[in-house]
Amino acid sequence: MTPGTRSLSTADARRDAVIDSAVHVFARSGLSGTTVADVADHAGISPAYVFKLFSGKTPLFVAALEHCYARILDVLEAAASRSPDATPADVLDRLGAAYADLIADRDVLMLQVHAQAAVDDPAIAETVRAGIARITDLAAARSRAGDTEVQRFMAYGQLCHLLTAVDAFTIDEPWATTLTAAIRHTEPTPPHPH
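What comes next concerns the included structure. Keep in mind it's a predicted model, so treat the numbers as computed, not measured.

Considerations on the nonpolar core
Step number 1: Judged by nonpolar contacts, the single largest core of 50 residues is most densely connected at Phe26, Ile72, Leu95, Leu111 and Ile124.
Step number 2: Listed by contribution, the elements that provide at least two residues to this core are α1 (10–29), α2 (36–43), α3 (47–53), α4 (57–81), α5 (88–102), α6 (106–117), α7 (122–143) and α8 (147–165).
Step number 3: Looking at this core element by element, the count peaks at 13 residues for α4.
Step number 4: For Leu95, the contacting residues outside a window of four places in its chain are Leu76, Ala79, Ala80, Leu138, Ala139 and Phe153.
Step number 5: The next biggest cluster of nonpolar side chains, apart from the first, holds five residues, and it includes Cys160, Leu163, Ala168 and Ala176.

See the structure below:
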């Protein structure tokens, strides 16, 4: 092991595996359509072990969502770091392109869709708000753009998110042509195997 790295214990590795499985399974079936047993089955461990790690389905969903937002932030930070002297508009464009690549992963995309549909749960609502706040703060700080530009960036990102979720890029109808014009699209990645 190199200095500064840590070795994951079996419990840490299993926790990470459960969260990865939770992202995948919740992205497919949402909060209400998924059981802890579904996640445990996907992770190859017992539901009782999942309950040792998480006190219930909502905390497991929250952990998966936090993992998703952490991944988004890592990707956006890396994109911003590749252009330290770029203009605010250039940085926001790089962030947008990185996000377009990221949401080609249906798990990242659909977990956020399901989370937004479950914000009647206070814990999930707070996690969504915190994730959006962190993304907004990163976009503002790294781009040095004004509030209006950051707002436009976030709104444009939500439009891209919606268009990708409904697969509007493959629809040959006037509404889809209007909404997808000049929007960069990354082909979806195949679903992760079970």
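Now that the structure has been shown, the text picks up again.
Some points on α8
Step number 1: With 19 residues, α8 should reach 27 Å at 1.5 Å per residue; the first-to-last C-alpha distance of 27 Å fits that figure.
Step number 2: Turning to α8, its buried residues are Val150, Phe153, Gly157, Cys160, His161, Leu163 and Thr164. Around the axis of α8, the buried residues are gathered within 165° of arc, so they sit on the same side. Seen from the buried face of α8, the exposed residues on the opposite side, beyond 90 degrees, are Asp147, Gln151 and Arg152.
Step number 3: The secondary structure elements touched by the buried residues of α8 are α5, α6, α7 and α9 (174–180).
Step number 4: A positive backbone phi angle near 55° is found at Asp167, which sits one or two residues after α8.

Notes on the packing of aromatic side chains
Step number 1: Scanning all chains against the criterion turns up one aromatic pair.
Step number 2: Centroid distance Phe26 to Phe61: 4.9 Å. Interplanar angle 80°. Geometry classified as edge-to-face. In this pair, Phe26 sits in helix α1 while Phe61 sits in helix α4, placing the two residues 35 residues apart along the sequence.
Step number 3: Relative accessible area serves as the criterion here: at 0%, Phe26 is assigned to the buried category.

Digging into the layout of surface pockets
Step number 1: In this structure, the largest pocket encloses a volume near 480 Å³.
Step number 2: Together, 25 residues line the largest pocket, and Leu92, Gly96, Phe153, Tyr156 and Gly157 are the ones closest to its centre.
Step number 3: Of all elements in the fold, only α4, α5, α6, α7 and α8 reach the threshold of two or more residues within the lining of the largest pocket.
Step number 4: Taken together, the residues of the lining of the largest pocket sort by class into 16 nonpolar, five polar and four charged.

A closer look at the pattern of salt bridges
Step number 1: This model, assessed by the stated rule, comprises four salt bridges.
Step number 2: One salt bridge connects Glu77 with Arg142, and the closest N-O pair in it is separated by 2.1 Å. In this pair, Glu77 is assigned in helix α4 and Arg142 in helix α7, connecting sequence segments 65 residues apart.
Step number 3: The class of Glu77 is partly exposed, set by a relative accessible area of 29%.
Step number 4: By relative accessible area, which is 27% here, Arg142 ends up partly exposed.
Step number 5: Across the salt bridge formed by Arg129 and Glu126, the nearest N and O atoms sit 3.2 Å from each other. Of this pair, Arg129 and Glu126 both sit in helix α7, three residues apart, which is roughly one turn of the helix.

Remarks on the side chain of Asp105
Step number 1: Counting through the fold element by element, Asp105 comes out in the loop between α5 and α6.
Step number 2: Since its relative accessible area comes to 8%, Asp105 is described here as buried.

What counts and how
- Residues numbered from 1 in each chain as written.
- Predicted model: local features only at pLDDT ≥ 70, side-chain atom pairs only at ≥ 80, totals over all residues.
- Heavy atoms only, no water.
- Core = buried A, V, L, I, M, F, W, Y, C linked by side-chain atoms within 4.5 Å.
- Buried < 20%, exposed > 50% of the residue type's maximum accessible area, 1.4 Å probe, protein only.
- Helix = DSSP H or I, 4+ residues; strand = E, 2+ residues; numbered from the N terminus.
- Contact = heavy atoms within 4.5 Å.
- Expected span 1.5 Å × (residues − 1).
- Arc of directions from axis to C-beta.
- Phe/Tyr/Trp six-rings, centres within 6.5 Å; stacked < 30°, edge-to-face > 60°.
- 1 Å grid on protein atoms, 1.4 Å probe; cavity = no way out; pocket = protein on both sides within 12 Å on 5 of 7 lines; lining within 4 Å.
- Points joined across faces, edges and corners; volume = space filled by probe spheres on them.
- Nonpolar A, V, L, I, M, F, W, Y, C, P; charged D, E, K, R; others polar.
- Salt bridge = Lys/Arg side-chain N within 4 Å of Asp/Glu carboxyl O.

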